[in-house]
Amino acid sequence: MVLEIQNIKQRYGSLEVLDIVSWKIGYGIYWIQGENGAGKSTLFRSLAGILPCSGNIILDEKYDLKANPVDFRLRLNLGEAEPLYPSFLTPADLISFVAEAKKSPPGQAEMLIDALGINYLKHTFGSCSSGMVKKVSLALSFLGKPSVIILDEPLITIDKEAREALFGLIQQYHQNGVTFLISSHQLFQQEGLTVTESYALKNKTLIQLPHE
Amino acid sequence: MKILFISTVQAFFRQRAGMFFVLLAVLFGFMGGREHYGFALFFLTDPFGMYYLAGIWLVYTLLCSQFVLNLWTHQEYAFIYHTTLWPFLKRSVRFILMAFGFLQPILYYGIYIVSIARQDKLLNHIWPIFVFYIVLSLFLVLAAEWRIAHPKLFNSKNKSSFTWPFPRPVSWIYWSVEWLLREKALTVLFCKAGAGCVFICTLIYYQTDVYDLRLPAIGLSLGYLLNIGLSYELFGWENEIWLWNRSLPIPLSTRFFRNLLTHAILITPETLIVFRYDLFSIKEVLLLYFLGLSILMIFQSYLYRRGGILEDMMKPVLSGFVILTFMILYKVPVWAISGTGLVASYYLYAKWFARTEIKTE
């Protein structure tokens with residue numbers, strides 16, 4: 001199993017958002033669906049260790065988020081739906097910082113910058129367009145040597161060229177053994193990606209959807 | 001009307017919470033009733049008293065105006081321009097009420113001055129206060145009117161006209177301090193002013209007789225404690241402004257030491273005041289410095305337990321300071337308190353970091 005969830009519960013105050021007893025996935029590309037407000041972003045943030053939650057999240061059958069927080073985070077990357085970064089920083093600042101933290105191989109950051117067309121490296125995020133911020137967040141999610149990459153609504157606000165580059169990167173990384181969890185309200189199978197399984201986040205848990 | 005209060009007035013007090021927290025700590029922690037009375041009497045009786053009061057209030061009003069002018073350029077505040085559809089009179093009344101919302105601190109202080117004037121039979125001196133209220137609230141109304149008459153729907157506040165002639169270091173600590181200076185400058189100002197005042201008073205008092213290290217240990221601890229506003233802002237930076245950083249593979253120990261070093265840098269300015277007075281050896285200054293650092297780090301760790309809810313923090317902070325005072329008075333060595341405090345803060349940080357329930361707004 002690449003990723004395993006055991007008894008995770010997530011709540012905002014008295015409102016319970018997630019209650020997943022057990023969920024396991026192997027190598028593949030998974031489409032996570034759910035209506036607005038179903039808790040997809042909360043699930044992804046919990047999986048990435050951003051929002052502490054009860055229960056266990058285990059990666060590659062040995063890295064527990066709580067017991068091995070650093071090893072776990074080295075191997076699981078998240079590209080957020082609506083990324084927010086300190087507005088005075090530049091994409092160049094952030095990419096070099098995250099590349100160092102994620103132990104990114106030499107040349108990887110430059111490859112991603114080039115592939116996704118991140119032109120405004122020296123402009124602050126405060127002056128960047130939302131599309132540019134999104135491209136940076138996508139580049140960050142591919143840094144390092146992850147075994148799982150979560151892409152939360154990766155297609156919103158990016159242009160056609162970046163979209164094509166993104167699917168190229170997903171295919172390339174997937175061939176190298178990376179598992180993807182993708183949430184998207186837009187179809188993406190026509191881009192040549194084979195979805196292993198689809199799940200819907202409903203009633204606080206993940207329900208497998210039949211193959212189409 | 002309600003939306004104006006929630007979106008603008010509440011946003012002001014929420015975003016400046018750290019600043020007001022420190023301000024209140026200075027006004028009601030450091031200053032006693034006699035000082036407050038003395039200031040009020042000065043404003044009422046000195047030939048230039050009311051000018052000083054007007055100056056201070058004007059600075060605060062400028063701060064509020066700048067906030068409105070800037071806030072309403074944010075994309076998410078596009079809706080505010082619908083206020084131009086209101087009839088002029090209705091809009092003016094609502095903007096005046098909004099202005100009073102902003103000016104609450106000076107309204108309350110004005111009431112205090114009036115009560116002192118009544119007590120000391122100085123009521124004939126208070127009329128300028130009401131003129132100030134009218135002028136300053138109109139000032140804010142004009143600022144709001146100007147903004148909606150000149151819509152500017154992009155946020156240019158982060159486009160600095162000044163750039164350093166060298167690349168920004170890829171350093172979390174550098175970014176944290178830079179963020180504080182850029183985004184929380186007033187909190188920095190009030191924290192440093194408050195801590196500086198307490199330091200100076202303590203050092204002056206220390207010179208009046210023969211005291212051992214316990215006196216500055218208590219006094220300077222209080223001064224260092226006034227940096228909790230900054231510590232609170234740093235917590236917000238880590239856990240709200242850039243929550244995503246929690247997904248980075250950074251060991252807990254590194255996160256703690258990063259925090260420790262940032263706090264160590266932040267309390268350096270007031271520590272330099274101690275050197276200026278030349279009353280202690282370097283070893284003693286370092287002891288006091290680490291005592292202050294350990295107090296702040298315990299506070300910072302405790303924020304992770306409470307999830308950054310400031311209202312829950314006042315009681316523990318005050319209780320903690322009382323306990324610390326007793327420990328110092330009963331001659332527990334300062335080095336032992338500092339060392340234990342730093343170790344305890346690391347232990348608590350490690351314990352609470354992973355279980356923080358992040359505030360969601």
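In short, a report on the structure.

1. Here we look at the overall build of chain A
Of the regular secondary structure elements, chain A holds 6 helices and 10 strands. Residue burial in chain A is summarised as follows: out of 212 residues, 44% are buried. Partitioning the intrachain contacts of chain A with sequence separation of at least 6 by distance along the chain shows that 72% fall at a separation of at least 24.

2. Details of the overall build of chain B
Across its full length, chain B holds 16 helices and 0 strands. Within chain B, the fraction of its 361 residues that count as buried is 32%. When contacts within chain B are restricted to residue pairs at least 6 apart in sequence, those whose partners lie at least 24 apart make up 86%.

3. Some words on the nonpolar core
If you look at the biggest cluster of nonpolar residues, it comprises 111 residues, and the most contacted ones within it are Ala139, Ile150 and Phe180 of chain A. Residue contributions to this core peak at 12 residues, all from helix H14 (residues 282–306) of chain B. Once you skip the residues sitting within four places of it in the chain, phenylalanine 180 of chain A turns out to touch Ile29, Tyr30, Ile149, Leu151, Ile170 and His174 of chain A. Core analysis: the second largest hydrophobic core is formed by 26 residues, Ala40, Leu53, Met98 and Leu140 of chain B among them.

4. Focus on helix H4 (residues 49–71) of chain B
Its 23 residues place the ends of H4 of chain B 33 Å apart at the C-alpha level, agreeing with the 33 Å of an ideal helix rising 1.5 Å per residue. Regarding H4 of chain B, the residues found buried are Met50, Leu53, Trp57, Thr61, Cys64, Ser65 and Val68 of chain B.

5. Quick word on the pairing of strand S2 (residues 15–25) of chain A
All names here are of chain A. As defined by bridge partners, strand S1 (residues 3–12) adjoins S2 across 9 bridges and the pair is classed as antiparallel. Bridging across to S2, glutamine 6 finds its partner in serine 22. Between S1 and S2, which pair antiparallel one after the other, the connecting turn spans 2 residues, and glycine 13 there sits at a positive phi close to 65 degrees.

6. Some details on helix H7 (residues 127–149) of chain B
The α-helix winds at 3.6 residues per turn, so residues separated by three or four positions along the chain end up facing the same way. Over its 23 residues, H7 of chain B extends 33 Å from the first C-alpha to the last, a length consistent with the 33 Å expected when each residue adds 1.5 Å. For H7 of chain B, the full list of buried residues reads Ile129, Leu136, Ser137, Leu140, Val141, Ala143, Ala144 and Arg147 of chain B.

7. Some thoughts on the packing of helix H12 (residues 252–266) of chain B against H14 of chain B
All names here are of chain B. Across the interface, H12 lies against H14 with an axial gap of 10 Å and an inter-helix angle of 130 degrees. Between H12 and H14, the crossing angle belongs to the class labelled oblique. Note that H12 runs across H14; the crossing there is right-handed. For the pair H12 and H14, the contacting residues are Asn259, Leu260, His263 and Ala264 in the first and Leu293, Leu296, Met297 and Gln300 in the second. Looking at side-chain class alone, the contact of H12 with H14 contains 5 nonpolar, 3 polar and no charged residues.

8. Here we look at the sheet that holds S2 of chain A
All names here are of chain A. Spatial strand order, S2-S1-S4-S5: 4 strands in an open sheet with antiparallel pairing. The sheet terminates laterally at S2 and strand S5 (63–64), the two strands that pair on one side only. In the packing of helix H1 (residues 40–47) onto the sheet, contacts are made with S1, S2 and strand S4 (54–59), and the angle to S2 comes to roughly 60 degrees.

9. Observations concerning the sheet that holds strand S8 (residues 179–183) of chain A
Residues and elements named next belong to chain A. Strand order in the open sheet formed by 6 strands is S6-S7-S8-S3-S9-S10, with mixed pairing between adjacent strands. Across the chains shown, the open sheet's two edge strands, defined by having one partner strand only, are strand S6 (76–79) and strand S10 (205–209). Each neighbouring strand pair of the sheet contributes to a mean axis angle of 20 degrees, computed without reference to strand direction. The pairing of strand S7 (residues 148–152) with S8 spans 5 bridges and is classified as parallel. Bridge pairing in S8 places aspartate 152 opposite serine 183. Here H1 sits on the sheet in contact with strand S3 (29–33), S6, S7, S8 and strand S9 (197–202), set at roughly 150 degrees to S7.

10. Side note on the interface of chain B and chain A
Taken together, the contact pairs 25 residues of chain B with 28 residues of chain A. The element contributing the most residues to the side of chain B that touches chain A is helix H8 (residues 172–183) of chain B, with 4 residues. For the side of chain B that touches chain A, the residue count by class is 14 nonpolar, 5 polar and 6 charged.

11. Some thoughts on unusual backbone geometry
Even without a glycine there, the phi angle at asparagine 203 of chain A is positive, about 50 degrees. Inspection of the secondary structure puts asparagine 203 of chain A in the loop between S9 and S10. Of the residues examined, asparagine 203 of chain A has 10 C-beta atoms within 10 Å and is grouped as exposed. The backbone of lysine 331 of chain B sits at a positive phi, close to 65 degrees, despite the residue not being glycine. Judged by C-beta crowding, with 9 C-beta atoms within 10 Å, lysine 331 of chain B ranks as exposed.

12. Brief notes about the packing of H8 of chain B against helix H11 (residues 228–241) of chain B
Residue and element names in this part refer to chain B. The N-to-C vectors of H8 and H11 enclose an angle of 115 degrees; their axes lie 11 Å apart at closest approach. With respect to each other, H8 and H11 are oriented roughly perpendicular. As for the relative orientation of H8 and H11, their crossing is right-handed in sense. Facing Ser176, Trp179 and Leu180 of H8, the residues of H11 in contact are Leu230, Glu233, Leu234 and Trp237. When the residues that make up the contact of H8 with H11 are grouped by side-chain class, the tally is 5 nonpolar, 1 polar and 1 charged.

Procedures and definitions
Residues numbered from 1 in each chain as written. Chains lettered and ligands numbered in written order. Predicted model: local features only at pLDDT ≥ 70, side-chain atom pairs only at ≥ 80, totals over all residues. Helix = DSSP H or I, 4+ residues; strand = E, 2+ residues; numbered from the N terminus. Buried ≥ 20, exposed ≤ 12 C-beta atoms within 10 Å, placed from the backbone. Contact = placed C-beta atoms within 7 Å. Core = buried A, V, L, I, M, F, W, Y, C linked by C-beta atoms within 7 Å. Expected span 1.5 Å × (residues − 1). Pairing = 2+ DSSP bridges. Axes fitted to C-alpha atoms, helices over the stretch in contact; angles between N-to-C directions. Parallel < 35°, antiparallel > 145°, perpendicular 65-115°, else oblique. Left-handed = near helix turned anticlockwise from the far one by under 90°. Nonpolar A, V, L, I, M, F, W, Y, C, P; charged D, E, K, R; others polar.

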